[in-house]
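# Structural features, examined
So you can see what is in the structure, the chains are spelled out below.
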Amino acid sequence: MGEHIISNQYTLSTRKCSQVYLNWLVFIFSPILGFIIAWSQVLRRNYRYIYILASLFPILGAFFPPLSDSYRYRILYLNSTSFDFDFSSLFYSEKDFLYYWLSCVFNNIGCTYEAFKLIIFLICYWLYAWMYIDIIKHSKVLSNNKKTYVVGVICILFIIRLFTLCNGIRFGIASTIVIIAMYQLFRKRIKWGILWLSVACCMHFSILMVVPCIFGTFFLQYVRLKRWVKFSIIFVLIILSHSGIGDILSALFPTNDLMSNNINVYIEGKWNTDSLMATASVGGLIFTVLRILPVIPLAYFVISDKQDYLQNLGFMLLIVLSISFSSYTILLRYSNIAIAILFVAQLVSLKSTKKELRKLKVSCAAFICVFATYVYTQREPLTNVSTPYKALLSPILLYDSHSYSQDWINRNINSEGELRNQ
């Protein structure tokens, strides 16, 4: 009898694995079709299919035309043939070598720029899928409440800023990986947390600012602050210390050429708030507000009196945002990280109530709103370039155009990384 039960369980497990592999084959042939099939399985709580859902956006991003910073990263990638980085100057006059090293490795094995992007974008989305599945394992609410679980899946797909990955590859990757690092630290997996944090910092040096937040979080475990006190601190800092980020970085790194040069650019130079707002359109201002918008409901939902690691970390990141209003760029970049970590804090603290489900739906709506805003701002490449859609329908359609040629780049993209008028 026992052997019969074991045999049936083995047969069932084998059948489920075969179904997953078959779904992956369908996805490779037609990502859209594979996504639809996987969605039906995800609704049945087959968690492995979440990885298939998480693979759709990376395909769109990988075959998105190389615009903005991605235009320059493409040039760097194609010119990277040997790795000769000077580690003695790391974090002093040089910075974030990891993208350069990866470019050398993948370029030397004959990988196209689009295939390179696809691999690293898949890793980013799969890491978030893994994190969500791990949260489910520790959450009775997500394990037992189907509606909450499904809304959470949608949130995970939209919480990653796809177009930040597409156009600002290094920071997009780094800001995704650092969330995994902080989640690992929350789960007391210290070695993995430090490893992922190091990877994020080596991908983009600005992630270093998260390190003081992590130390500040441990300090807050011994200081109990009321919820209203936390919001009062944030409000006061916004009013009085909107330019504090530059002073803090200068004090921490007084002789660091790397930091001083970037402080001049981001806080006092052409990318500071005053310079950008002087030339910003009404649409640009609305876009900026919408990008930061999810911070407001998430902060309201998550920040409380409790001594919780992720809540305290979210509070520390909100303090960073409060003192960063002098730098439009820093404000937007760290808002990405703050939004993501506040959302993770919301997920791990969910309760089985209708009120909590409504809060999660509000967060989901905010993420989709931000995504729709990005789609609107990227409407020209999305309406004039067909390659991403061919990739989503079936990679077979790209057999003769799987990579943007230099001739196509010269005809369609100018030297500033902007799409030429069609």
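None of the values given here were measured: they were computed from a predicted structure.

## A closer look at the environment of Thr353
Considering the arrangement of structural elements, one finds Thr353 in the loop between helix 21 (328-348) and helix 22 (354-377). Given the relative accessible area of 41%, Thr353 is considered partly exposed. Linking Thr353 and Asn145, residues 208 residues apart in sequence, is a C-alpha distance of 9.8 Å. A polar contact of 3.2 Å, which involves the side chain of Thr353, links it to the backbone nitrogen of Glu356.

## Some thoughts on the pattern of salt bridges
On inspection of all chains with the given rule, the structure shows four salt bridges. A salt bridge links Asp134 to Arg189, with the nearest nitrogen and oxygen atoms 3.2 Å apart. One end of the pair, Asp134, is in helix 7 (residues 113-137); the other, Arg189, is in the loop between helix 11 (169-186) and helix 12 (190-203), with 55 residues separating them in the sequence. For Asp134, a relative accessible area of 8% corresponds to the buried category. Taking the relative accessible area as the measure of exposure, Arg189 reaches 26% and is therefore partly exposed.

## A word on the confidence of the model for the protein chain
The pLDDT averaged across the protein chain works out to 83; a share of 81% of its residues lies at or above 70. Within the protein chain, helix 17 (residues 273-279) has the poorest average pLDDT of any element, 45, and helix 3 (residues 50-53) the best, 96. Low pLDDT, under 50, characterises residues 4-10; the predicted model gives this stretch zero contacts beyond four residues in sequence or across chains.

## Details of the packing of aromatic side chains
Counted according to the given criterion, the structure contains 23 aromatic pairs. Summarising the aromatic geometry, the rings of Tyr183 and Phe186 are spaced 6.2 Å apart at their centres and angled 40° between planes, so their arrangement reads as tilted. Of the two residues, Tyr183 and Phe186 are both situated in helix 11; the distance of three residues between them amounts to about one turn of the helix. Residues Tyr183 and Phe186 agree in their burial class; the two are buried. Joined through ring pairs, the aromatic side chains of Phe57, Phe64, Tyr125, Phe158, Phe163, Phe371 and Tyr374 make up one cluster. If you follow Arg333 out to its NZ or CZ, it ends over the ring of Phe171, 5.1 Å from the centre. Taking the ring centre of Tyr376 as reference, the NZ or CZ of Arg379 above it sits at 4.1 Å.

## With respect to the packing of helix 6 (residues 98-108) against helix 7
Taken N-terminus to C-terminus, the directions of helix 6 and helix 7 make an angle of 125°; their axes are 11 Å apart at the nearest point. By the angle between their directions, the pair helix 6 and helix 7 is classed as oblique. In this structure, the crossing between helix 6 and helix 7 has a hand that is right-handed. On helix 7, the residues that touch Tyr99, Leu102, Ser103 and Phe106 of helix 6 are Tyr113, Phe116 and Ile119.

Procedures and definitions
- Residues numbered from 1 in each chain as written.
- Predicted model: local features only at pLDDT ≥ 70, side-chain atom pairs only at ≥ 80, totals over all residues.
- Heavy atoms only, no water.
- Helix = DSSP H or I, 4+ residues; strand = E, 2+ residues; numbered from the N terminus.
- Buried < 20%, exposed > 50% of the residue type's maximum accessible area, 1.4 Å probe, protein only.
- Polar contact = N/O pair within 3.5 Å; in protein donor to acceptor, adjacent residues only side chain to side chain.
- Salt bridge = Lys/Arg side-chain N within 4 Å of Asp/Glu carboxyl O.
- pLDDT = per-residue confidence, 0-100.
- Contact = heavy atoms within 4.5 Å.
- Phe/Tyr/Trp six-rings, centres within 6.5 Å; stacked < 30°, edge-to-face > 60°.
- Lys NZ or Arg CZ within 6 Å of the ring centre and 35° of its normal.
- Axes fitted to C-alpha atoms, helices over the stretch in contact; angles between N-to-C directions.
- Parallel < 35°, antiparallel > 145°, perpendicular 65-115°, else oblique.
- Left-handed = near helix turned anticlockwise from the far one by under 90°.

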